[in-house]
Amino acid sequence: MASDPFTQEIIKDALVALGDEMFNAMIRTSMSPIIYETTDFAVGATDARGNLLAQGNGVTGFLATLDTAVQSTLEHWPLEKISAGRHLHNQLPL
């Protein structure tokens, strides 16, 4: 990856925009007044290890635990068992 300051700034701004877009999409598409009226949620994007890369506005307590929640999920469900459209609710360990 390029280490020049211009490229780093472009990547940083893209990640900030990603977080803002996720936040706004949740508000626009939610059918729950808790989401679209009180914004009682948080959004973020992580890497494959669960490290937080981008976040939108939201409840600080939710944002603080987002990366930990993803990392915990990855401990139970390795990446090779996770794919788009796959529903895990029927396969959760008891």
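The structure this text deals with has already been given above.
Residues numbered from 1 in each chain as written. Predicted model: local features only at pLDDT ≥ 70, side-chain atom pairs only at ≥ 80, totals over all residues. Heavy atoms only, no water.

A. Representation of the overall build of the protein chain. Scanning the protein chain from N- to C-terminus turns up three helices and two strands. Mapped in sequence order, the helices and strands of the protein chain form the string α-α-β-β-α. For the protein chain, buried positions account for 14% of its 94 residues. At a minimum sequence separation of 6, the contacts of the protein chain that also span at least 24 residues come to 22%. In the structure as shown, the protein chain presents an accessible area of about 7,000 Å², 60% of it carried by carbon and sulfur atoms. (Helix = DSSP H or I, 4+ residues; strand = E, 2+ residues; numbered from the N terminus. Buried < 20%, exposed > 50% of the residue type's maximum accessible area, 1.4 Å probe, protein only. Contact = heavy atoms within 4.5 Å. Areas by Shrake-Rupley, 256 points an atom, 1.4 Å probe, with all protein chains shown as cover.)

B. A look at the packing of aromatic side chains. The full count for this structure, using the stated rule, is one aromatic pair. Geometrically, the ring pair formed by phenylalanine 23 and phenylalanine 41 is stacked, given 4.9 Å between the ring centres and 20 degrees between the ring planes. Placement of the pair is phenylalanine 23 in helix 1 (residues 5-29) and phenylalanine 41 in the loop between helix 2 (33-36) and strand 1 (44-46), with a sequence separation of 18 residues. (Phe/Tyr/Trp six-rings, centres within 6.5 Å; stacked < 30°, edge-to-face > 60°.)

C. Quick look at the pattern of salt bridges. This structure, assessed with the given rule, holds two salt bridges. Between lysine 12 and glutamate 9 there is a salt bridge, with its nearest N and O atoms 3.4 Å apart. Linking lysine 12 with glutamate 9, this pair stays in helix 1, spanning three residues, or about one helical turn. Since its relative accessible area comes to 41%, glutamate 9 is described here as partly exposed. With its nearest N and O atoms 3.2 Å apart, the salt bridge here joins aspartate 13 to lysine 12. On the basis of relative accessibility, which here comes to 42%, the residue lysine 12 falls in the partly exposed class. Overlapping salt bridges bring together Glu9, Lys12 and Asp13 as one network. (Salt bridge = Lys/Arg side-chain N within 4 Å of Asp/Glu carboxyl O.)

D. Focus on the environment of glutamine 55. With respect to the helices, strands and loops of the structure, glutamine 55 is situated in strand 2 (residues 52-55). Judged by relative accessible area, which is 40%, glutamine 55 ranks as partly exposed. Taking the C-alpha atoms as reference, glutamine 55 lies 4.0 Å from glycine 44; in sequence the two are eleven residues apart. In contact with glutamine 55, other than residues within four places in its own chain, are Gly19, Val43, Gly44 and Leu63.

E. Local environment of the pairing of strand 2. Strand direction decides the pairing type here: strand 1 and strand 2, joined by three bridges, are antiparallel. Bridge pairing in strand 2 places glycine 44 opposite glutamine 55. (Pairing = 2+ DSSP bridges.)

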